Amino acid sequence: MRTIYTYLNPMYHLGKKDYSVAIPFFSTILCAVILEFYAYYIAHDPHSIDLYAVFLFIALILYNAFRYGLFGGFATAGVTIAYYFYIIYTRHYSGHQLTSGIQTTIVLGILYFFLAGIIGWLKHTIDSLIEQEADEKKRLEAILQQLPVGIMVTDSKGSVTHSNKQLDMILGRKFPAHFVVGKDTLLHATVEGKSVSPSQGPLAQTFTTGKPVAGKEYTIKRKDGKTVYIQMSASVIRNEQGKIIAAAEIITDITQQKEMDKRKDDFVNMASHELKTPITSMKLYIDSLMTRMSQYKDERATKTLAGIKYQTEKLQELVSNLLDVTRIQTGKLSFTRESFHLNELIAETVEGLQQSISTHTLTYSGKNSVVVSADRFRLYQVLTNLITNAAKYSPTGKDIIIRSKKIDGKAIVSIQDFGIGISPDQQKKIFGRLYQVTDAKERTFPGLGMGLYISKEIIKRHKGTIWVESNKGKGATFYFSLPLQKNK
Ligand code: ADP
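Given the structure is predicted, the values throughout are model-derived calculations rather than measurements.

Reported here for the largest pocket is a volume of approximately 1800 Å³. Around the largest pocket sit 50 residues that line it, and Lys-314, Glu-317, Asn-385, Thr-388 and Lys-392 are the ones nearest its centre. Residue assignment for the lining of the largest pocket shows that the elements contributing at least two residues are helix H9 (299–329), helix H10 (342–356), helix H11 (376–392), helix H12 (451–461) and strand S14 (476–483). In terms of residue count, the dominant contributor to the lining of the largest pocket is H11 (eleven residues). Here the second largest pocket defines a volume of roughly 720 Å³.

It is worth spelling out the pairing of strand S12 (residues 410–417) at this point. Side-chain positions along a regular strand alternate between the two faces of the sheet. Extensive coverage of S12 is indicated by the burial of seven of its eight residues. Here strand S11 (residues 399–407) runs beside S12; their pairing, made up of eight bridges, is antiparallel. By the bridge assignment, Arg-403 is partnered in S12 with Ser-414. Between S11 and S12, which pair antiparallel and follow one another directly, the connecting turn spans two residues, one of which, Asp-408, has a positive phi of 45 degrees.

Going through the model one piece at a time under the given rule, you end up with 15 salt bridges. Linking Lys-17 and Glu-131 is a salt bridge whose minimum nitrogen-to-oxygen distance equals 3.0 Å. Pair noted here: Lys-17 is in the loop between helix H1 (2–8) and helix H2 (22–42) and Glu-131 is in helix H5 (residues 95–146), with a separation of 114 residues, a long-range link. Assessed through its relative accessible area of 34%, Glu-131 is described here as partly exposed. For Arg-327, the salt bridge is made with Asp-324, and the minimal N-O distance between the two is 2.9 Å.

Let us look at a nonpolar patch on the surface. Residues Val-21, Phe-25, Phe-26, Ile-29, Val-33 and Phe-71 make up a contiguous nonpolar surface patch of about 560 Å² in total accessible area. For the nonpolar patch, the element with the highest residue contribution is H2, accounting for four residues. Relative to the assigned elements, Val-33 resides in helix H2. Judged by its relative accessible area of 48%, Val-33 is partly exposed.

Once that is clear, we can look at the site of the ligand. Around the ligand, a shell composed of 21 residues is seen, among which Asn-389, Tyr-393, Asp-417, Gln-436 and Leu-452 lie nearest. The separation between an oxygen atom of the ligand and a polar main-chain atom of Leu-452 is 2.8 Å. The protein chains hide 97% of the 530 Å² of surface that the ligand would expose on its own. When atom positions are compared with the pocket grids, the ligand is found to occupy the largest pocket. Listing elements by their share of the shell around the ligand, those giving two or more residues are H11 and H12. Here the shell around the ligand takes four residues from H11, the largest share from any one element. When grouped by side-chain class, the residues that make up the shell around the ligand number eleven nonpolar, seven polar and three charged.

Summed over the entire model, instances satisfying the criterion amount to 14 aromatic pairs. Between Tyr-5 and Tyr-12, the aromatic rings sit 6.2 Å apart at their centres with planes inclined by 80 degrees, giving edge-to-face as the arrangement. An aromatic cluster of three or more residues is present, and its members are Phe-57, Tyr-83, Tyr-84, Tyr-86 and Tyr-112. The ring of Tyr-7 carries the charged tip of Arg-67 above its face, separated from the ring centre by 4.9 Å.

Of the two faces of strand S9 (residues 361–364), the one holding Leu-362 and Tyr-364 is buried and the one holding Thr-361 and Thr-363 is not buried anywhere. In this structure, S9 lies alongside S11, joined through four bridges in parallel fashion. The residue of S11 that forms the bridge with Thr-361 is Asp-399.

Taken in spatial order, the seven strands line up as S2-S1-S7-S6-S5-S3-S4 in an open sheet, and their pairing is antiparallel. Lying at the two open borders of the sheet, with one neighbouring strand each, are strand S2 (160–163) and strand S4 (194–195). Note: strand S1 (residues 150–155) against strand S7 (residues 244–253), six bridges, orientation antiparallel. Of the residues in S7, the one forming a bridge with Val-153 is Ala-248. Against the sheet, H5 makes contact with S1 and S2, and its axis sits at roughly 55 degrees relative to S2, the strand it touches most. Sitting on the sheet, helix H8 (residues 255–293) is in contact with strand S5 (213–221), strand S6 (227–238) and S7, with an inclination near 130 degrees to S6.

How each quantity is defined
- Residues numbered from 1 in each chain as written.
- Predicted model: local features only at pLDDT ≥ 70, side-chain atom pairs only at ≥ 80, totals over all residues.
- Heavy atoms only, no water.
- 1 Å grid on protein atoms, 1.4 Å probe; cavity = no way out; pocket = protein on both sides within 12 Å on 5 of 7 lines; lining within 4 Å.
- Points joined across faces, edges and corners; volume = space filled by probe spheres on them.
- Helix = DSSP H or I, 4+ residues; strand = E, 2+ residues; numbered from the N terminus.
- Buried < 20%, exposed > 50% of the residue type's maximum accessible area, 1.4 Å probe, protein only.
- Pairing = 2+ DSSP bridges.
- Salt bridge = Lys/Arg side-chain N within 4 Å of Asp/Glu carboxyl O.
- Patch = residues over 30% accessible without salt bridge, like charges linked within 9 Å, V, L, I, M, F, W, Y side chains within 5 Å.
- Areas by Shrake-Rupley, 256 points an atom, 1.4 Å probe, with all protein chains shown as cover.
- Near = heavy atom within 4 Å.
- Polar contact = N/O pair within 3.5 Å; in protein donor to acceptor, adjacent residues only side chain to side chain.
- Sits in = over half its atoms within 2 Å of the grid points.
- Nonpolar A, V, L, I, M, F, W, Y, C, P; charged D, E, K, R; others polar.
- Phe/Tyr/Trp six-rings, centres within 6.5 Å; stacked < 30°, edge-to-face > 60°.
- Lys NZ or Arg CZ within 6 Å of the ring centre and 35° of its normal.
- Contact = heavy atoms within 4.5 Å.
- Axes fitted to C-alpha atoms, helices over the stretch in contact; angles between N-to-C directions.

Right, here's the structure in full:
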């Protein structure tokens, strides 16, 4: 029963392009035969079918044109007109009845062919559109399957409509059918050890905010016990009216990259540890050699030794920065807090640095007491880094102004220079690990891009913030804020 219904329903045949002329042709003849049979053997009145013949055949033309296409519709219209002439002939119309019968048949004929043409053309157009869409879908599916990253595409309500093999491989399981974003859970995902609920995933977030989410990293525990690191980016897709019609998510397996990074970090950590001891000994030997050399009053040798000492100290600083970076990475950067006057620390640091920075004039006029509870050495490290950077990146500007003030329970320190400045698009990036601005001019300044990263971590761990205000070519002002010690 169901198959007969499916066969007869023209909707089921849309897009299939199975056009037939024979079926409409013979089905129309069959209808005419049935009508004739009815007129002569059941109604016993050859004229009883006149009106039926009009309505029945209009319906048949519409149906056949929509079911079998343009030529099916024309075949039906043709047979119908022939049948009308047959009626005129067999019912022996004469005189006025004959002329009006012929006229009506011609008018109806034009109408029937017109109807068959329109409906048939509509059917062909719909078929082509459906075919085009199916081809488009196949092409999209093929592209999705070939992509080297995992992909998930949803409809406007968040039900997943497409996913690819790569995604199954990353997840270590077949992607479930009927998955709804924000509702169903796929796997146990964590960020820095904390579980992520389905509504916190990038796709769910992009649906809520309407904004793209880029490069979020998660750790997932697969059913086979393997831990996989993934990076996900998601975005909603809108139509021309701005309405959300779909959303897509890209999932990249970054496990290898993470393992490589870890091996690299381990190596740097090990190498810096190995380097630290010989450098410390070297410095001690140099100091003792310098003491001994002082008796001989050999100016050249003393100068050479001072040069060696300076370079050794630089090396020591580099190794110590490398160690700090790995300590940050492994969460082992520790702090010893004490309560002290930040303004005094700044004044001492500025005074000390002015001895070695002969090219610039450092000014600090902070007289007001600013008391903080922090790691003194680590803050000295931040100040040194910001002030030496200010000097390093100001080959022409000679002044460096350091200020400190108290605002809303916070201490705010600023270091202003009049050097090369930083363009707005680089301002956030410079606080990243090993990040250096790499335009042609910038390359001439030595460095490894560790200073600001370490400074940012130190300030962050003191519940403060660090930021920069600058314009390319117009100098830069670095700021950091720290919570003031209560009641101070
Ligand atoms: P390094 O100085 O060793 O390259 P940092 O982490 O201290 O590393 O700085 C990162 C980058 O930020 C530098 O490479 C430089 O391009 C930029 N930068 C830092 N301080 C300044 C400054 N005062 N003026 C202009 N650019 C700066």
